[in-house]
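Below are the chains, spelled out letter by letter.
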Amino acid sequence: MKTHFCLIVILCILTVSPAFAQKKVERKLKTAEQFLDLQEFHNVEILMEEILEMNPENPKSNYLMGIAKLFAAGSNPLHSLSYFTKAYDSGLPFPHIDYYMGRGLHLNNEFEKAIKFYNKEYLMAKPDAELDYDTESSHFDVIVSKEKISQLIENCQNGILLSKSKGHEMISNMAALNTHSPDMSPVLSEDESVILFTAQSKKRTKFNVDLTTNLPDQDIYMSRKDENGNWSTASPFSKINTNDHDAAVSLSNRDQTLYLYREEATHKLHSGSIYKMEAENGKWSKPERLPEGINTDYWETHITMSQDGKSMVIVSDREGGEGKRDLYYIRKLPNGEWANPQNLGAEINTELDEESPFLTDNGETLYFSSKGHNSIGGFDIYKAKKDPDTGLFTAPINMGIPTNSASDDVFYIVSKDGSHAYFSSIREDTKGSFDIYSSTLPEDENHVATIRGVVMDKETLQPMNAEIRIIDLKTHQQVFDIYSSAETGHYSATLLPNRAYAINVLHKDYLMKSYHLNAMELFEDIEIVHDFSMQPIADQRFEPLNNVFLDERTSDVLEVSEPELRNLIDFLEQNPNIVVQIGTHLAPKRSDDDNLTLVKTKAKTASVNVRLKELGIDLERFQERHLGFGKDHIALGEQQRIEYFVKDLTKKEEPIVYPNLPESEDIYAIMPDCLEKGKKQKLEERIVFSEMDHALTSSDKVAINRVLAMLMECSEMELQIVGHTNVDGGETLKDALKLKSANTVAQYFILQGIAKERLHVIADKESPIELNGKNWIDFFALGGGSYRENPLEEPKLMVSNSSDFIAEDLEEDIAARGESTGIKASAMGSAEKLEKAVKVYRHGEFIGISIYFDFDSDKIKESEKKAITTLVKILENDPLMKMEVIGHTDNVGSDNYNEKLGKKRAKSVEQFLLLKAVDKDRIIIKSMGEGQPVMGNETSEGRQKNRRTEFKVVKETDLQ
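Residues numbered from 1 in each chain as written. Predicted model: local features only at pLDDT ≥ 70, side-chain atom pairs only at ≥ 80, totals over all residues. Heavy atoms only, no water.

Asks: What is the right way to look at the sheet that holds strand E13 (residues 326-331) in this model?
Replies: Consider a sheet: its strands pair through backbone hydrogen bonds, and that pairing is either parallel or antiparallel. With respect to topology, four strands assemble into an open sheet ordered E11-E12-E13-E14, the strand pairing being antiparallel. If you trace the sheet from one side to the other, it starts and ends with strand E11 (300-305) and strand E14 (342-343), each paired once. Sheet topology places E13 next to E14; two bridges connect them, and they run antiparallel. Bridge pairing in E14 links Tyr-328 to Asn-343. (Pairing = 2+ DSSP bridges. Helix = DSSP H or I, 4+ residues; strand = E, 2+ residues; numbered from the N terminus.)

Asks: In this structure, what is going on with the sheet that holds strand E5 (residues 235-236)? I would like to understand it.
Replies: In space, the four strands of this open sheet follow the order E2-E3-E4-E5, with antiparallel pairing throughout. The sheet is open, and its two edges are formed by strand E2 (184-188) and E5, each paired on a single side.

Asks: What should I look at first to understand the pairing of strand E22 (residues 449-457) in this one?
Replies: For E22, the tally of buried residues reaches nine of nine residues, placing the bulk of the element in the interior. Burial of the side chains of E22 extends over both faces: Ala-449, Ile-451, Gly-453, Val-455 and Asp-457 are buried on one face and Thr-450, Arg-452, Val-454 and Met-456 on the other. Here E22 pairs with strand E25 (residues 490-495) via six bridges, running antiparallel. Within E25, the position partnered with Gly-453 by the bridge is Tyr-491. Where E22 meets strand E28 (residues 526-529), four bridges bridge the pair, whose relative direction is parallel. (Buried < 20%, exposed > 50% of the residue type's maximum accessible area, 1.4 Å probe, protein only.)

Asks: Which parts of the structure should I look at to understand the side chain of Glu-884?
Replies: Inspection of the secondary structure assignment puts Glu-884 in strand E39 (residues 882-888). Reaching out from Glu-884, the side chain makes a polar contact with the side chain of Lys-926 at a distance of 3.2 Å. Ignoring anything within four residues of it in the chain, the contact list for Glu-884 reads Ile-924, Lys-926, Glu-950, Phe-951, Lys-952 and Val-954. (Polar contact = N/O pair within 3.5 Å; in protein donor to acceptor, adjacent residues only side chain to side chain. Contact = heavy atoms within 4.5 Å.)

Asks: Mind showing me how you'd approach the environment of Asp-509 here?
Replies: Looking at the element boundaries, Asp-509 is found in the loop between strand E26 (499-506) and strand E27 (513-519). Dropping the residues within four chain positions of it, Asp-509 is found in contact with Gln-535, Pro-536, Ile-537 and Asn-575.

Asks: Can you help me understand the environment of Phe-689 in this one?
Replies: Looking at the secondary structure, you find Phe-689 in strand E34 (residues 680-689). Of the residues examined, Phe-689 reaches a relative accessible area of 2% and is grouped as buried. With 87 residues separating them in the primary sequence, Phe-689 and Trp-776 have C-alpha atoms 5.7 Å apart.

Asks: What is the right way to look at empty space enclosed by the protein in this model?
Replies: A probe as big as a water molecule, rolled over the atoms, marks out the empty space that is left. Scanning the entire structure with this criterion turns up five cavities of 30 Å³ or more. Reported here for the second largest cavity is a volume of approximately 60 Å³. If you trace the second largest cavity, you find it lined by Gly-320, Glu-322, Asn-343, Gly-345, Lys-907, Glu-910, Gln-911, Leu-914 and Lys-920. For the lining of the second largest cavity, the leading source of residues is helix H16 (residues 895-915), giving four residues. Of the residues in the lining of the second largest cavity, the class split is one nonpolar, four polar and four charged. (1 Å grid on protein atoms, 1.4 Å probe; cavity = no way out; pocket = protein on both sides within 12 Å on 5 of 7 lines; lining within 4 Å. Points joined across faces, edges and corners; volume = space filled by probe spheres on them. Nonpolar A, V, L, I, M, F, W, Y, C, P; charged D, E, K, R; others polar.)

Asks: How should I be thinking about helix H4 (residues 80-89) in this particular structure?
Replies: Note on helix geometry: an α-helix contains 3.6 residues per turn, so any two residues three or four positions apart are oriented the same way. Turning to H4, its buried residues number three or more, namely Ser-80, Leu-81, Phe-84 and Ala-87. What you see down the axis of H4 is that its buried residues fit within an arc of 125°, all on one side. Contacts made by the buried residues of H4 are with helix H3 (59-71) and helix H5 (97-107). Following H4 by one or two positions, Gly-91 adopts a phi angle in the positive range, close to 80°. (Arc of directions from axis to C-beta.)

Asks: For this particular structure, what's the right way to read the pattern of salt bridges?
Replies: One side chain can pair with another of opposite charge once the charged atoms of both are near each other. All told, the structure shown has 32 salt bridges when counted by the stated rule. Salt-bridge contacts for Lys-86 lead to Glu-57; the nearest nitrogen and oxygen are separated by 3.5 Å. Separated by 29 residues along the polypeptide, Lys-86 in helix H4 and Glu-57 in the loop between helix H2 (41-54) and H3 bring together distant segments of the chain. Residue Glu-941 is joined to Lys-945 by a salt bridge in which the shortest nitrogen-to-oxygen separation is 3.6 Å. A residue pair is termed a helical-turn pair when its members lie 3 or 4 positions apart in one helix, as Glu-941 and Lys-945 do in helix H17 (residues 940-946) at four residues. Under the relative-accessibility criterion, Lys-945 is labelled buried at 17%. Members of the salt-bridge network, linked through shared partners, are Glu-322, Lys-907, Glu-910 and Lys-920. (Salt bridge = Lys/Arg side-chain N within 4 Å of Asp/Glu carboxyl O.)

Encoded structure:
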């Protein structure tokens with residue numbers, strides 16, 4: 001009887017236990033959902049850990065755990081993917097599961113897979129304007145608007161592109177420093193022996209723990225590097241930490257000034273300010289809040305100071321910015337006070353957040369983080385160089401992968417010797433939600449080449465949406481496959497150095513374009529503007545194949561040519577109604593007669609034909625004729641040119657016609673003989689630059705190409721490139737101008753394939769007294785390849801503040817700018833100039849100055865900068881005057897696009913004026929888009945004159 005009773009009890013327990021356990025799970029899930037609505041993700045995580053320990057496959061628990069991992073302040077969001085995957089695989093219809101799968105894949109750099117899920121979620125999402133943030137029952141809908149998903153898809157597309165050109169930095173987790181809470185904002189001592197950073201306090205009290213995140217207030221921690229280069233375990237920096245929130249921001253003044261961020265209680269959701277502490281006799285002073293103007297009632301989060309202490313960059317979300325948190329530049333005035341902060345403008349700031357600026361010691365490079373530009377997700381780290389002429393920071397460059405990840409990458413700093421960088425990031429091996437990482441940088445800074453331009457129809461000049469393939473000729477790998485904008489034709493790409501690139505532009509019904517970019521040696525970061533004018537397919541038309549190379553001895557096609565030849569085959573497949581022929585031109589050697597050159601070109605064409613057949617070209621689409629043109633139509637300085645010709649077989653065979661090509665110059669009639677070893681000879685060629693503009697004109701390139709031809713003919717020859725100047729200014733400024741002129745020319749030779757070792761860049765110590773107000777270059781041929789009277793210098797561009805040498809002559813300004821824009825310049829006498837300088841302008845009057853821009857560009861050209869300086873003088877002469885800066889465009893593009901472009905042009909001018917100490921309150925920005933042309937848009941000249949900003953006087957005193 002007793003045994004029977006025990007069996008009944010056991011049976012009841014076994015029956016009740018699963019039901020009891022299920023109810024317990026349901027209660028935990030319900031509680032977790034309540035915490036989710038409160039956004040207390042850490043509590044959700046705790047509850048889900050308990051459930052998943054009992055049942056790891058529970059779909060809803062995995063779904064909620066994935067959300068907790070994604071959003072909890074102390075968790076690694078990359079780990080959310082495995083939980084979302086289990087929830088998704090269950091087939092249950094969890095809210096926004098496609099969005100969460102996309103986020104998990106995105107954070108783990110699975111960009112293409114993430115896009116597929118984002119696209120599915122996009123179909124179900126609402127536009128931002130239709131979301132009611134106040135009444136939505138769940139926070140989930142708030143974060144998945146169509147606009148948000150579109151931004152995430154764009155981030156993934158950026159990631160796909162940047163993945164094709166990964167950098168070579170060695171990224172390491174600084175395990176000795178990092179904790180299981182967020183570790184942020186590394187600050188490095190000048191000798192790199194001490195590092196400070198910010199993490200959660202190890203002391204937890206009921207007064208210092210945030211109930212939402214379950215994390216205590218932050219403290220500053222310190223680690224020291226030992227003699228073996230190893231970092232010690234971090235410990236609290238007790239000399240500085242208080243019972244409140246303490247965060248290190250930056251060090252300056254030889255480690256004697258420490259800047260801190262502290263939160264402040266105001267009416268705003270986020271509010272905090274920047275403080276500083278001074279080291280005196282081994283002790284730190286009490287934190288002192290930086291003055292008003294630097295700090296406001298808004299949110300100032302970060303500061304970086306130049307080495308000389310005369311300028312700083314801060315982060316603020318104050319009103320009047322480009323977006324949310326922006327970067328502002330502040331300079332110290334002669335009286336020791338700080339000037340008003342100037343927003344760094346749309347070149348740097350975006351509609352999203354910018355954060356954590358860092359200035360290098362020379363103040364010429366700015367690193368910062370941004371959620372905008374071409375971010376691959378969250379904050380990415382960017383680098384911007386300062387233009388030595390304008391003092392403005394140029395367009396920032398994404399630091400790429402592996403420095404950047406799909407999560408947040410912030411607080412990037414560089415050691416004084418440039419060998420290491422430190423930053424905060426979230427990676428697969430991150431202990432908490434942020435860890436400190438170090439990056440070992442290459443010994444020599446890798447400069448980059450940015451290429452940009454416009455693709456347009458050659459006949460109509462209308463912008464085109466064309467495919468642009470960029471191939472690394474070293475690896476034969478395609479690193480970019482991008483498309484120009486259908487609206488503007490604009491394209492851009494940033495390329496790594498020490499490589500040569502083949503660029504092919506393809507569009508159905510147009511001839512394929514070919515461009516060769518040699519970035520093997522770069523003196524500095526360079527920007528190359530190259531437009532592609534696409535020819536519609538028609539009989540007898542031709543284009544060069546600039547990336548097909550032949551062995552000089554055997555004429556065999558080199559392997560490096562294969563990518564372009566394959567793209568030529570793709571071009572034929574896109575256009576099935578044409579056939580092509582190959583033809584070759586060749587610059588002869590001195591000893592070659594015309595007949596020999598003709599034979600050589602036919603042999604080289606035959607080699608290309610053979611290689612095309614080996615690559616599988618459709619023989620019906622290919623006329624195997626060995627076209628050779630000898631030395632006819634070969635450009636000056638060009639050794640060889642291979643072309644393809646489009647043929648219409650229905651038309652009568654006719655000779656190839658070269659339209660509008662000048663007669664080839666007989667270079668050998670004027671070229672001196674190759675010099676004997678140790679000889680030196682001054683060449684006749686000279687390049688003259690204006691005072692501020694170092695851009696090479698077409699006539700400059702003709703002269704340089706004569707020298708280039710000599711370098712190619714005389715393989716042992718080396719070249720001195722000597723910079724001169726007669727611009728007013730100090731010796732440091734003059735040396736900078738000489739070297740900049742010489743570097744500009746040297747860079748051109750290198751881009752044409754001349755080895756850097758053959759070039760000697762020199763700043764002449766005593767320039768001749770001629771060409772007043774100009775910079776110029778002379779050339780000296782050095783014979784025999786062993787000339788070392790002046791040892792080869794590593795060219796480094798010296799820079800100086802352009803305000804020291806801006807010219808005053810308005811007549812010269814108008815003449816120079818007229819030549820560069822194609823607008824006829826008129827002479828102006830001294831009386832007229834005086835009248836212009838002292839004229840009193842009335843309200844509503846237009847100032848007779850316009851600033852002209854390149855197509856689809858808001859960048860101020862060198863030739864326009866002096867005119868803006870004239871505007872500064874006009875404003876200085878009339879303190880009561882304000883000025884409307886009105887942006888205009890041509891008619892290429894939509895009305896909406898052109899209205900925005902006009903505003904960008906006006907803001908570029910505004911930024912220049914602000915850096916010249918013009919008060920922002922005196923500048924009024926307007927855009928007329930394409931609405932007020934000064935000429936018809938039917939011609940290129942008319943469109944050029946319409947791409948402008950104008951200036952209208954506003955004087956309230958005239959209205960009284």
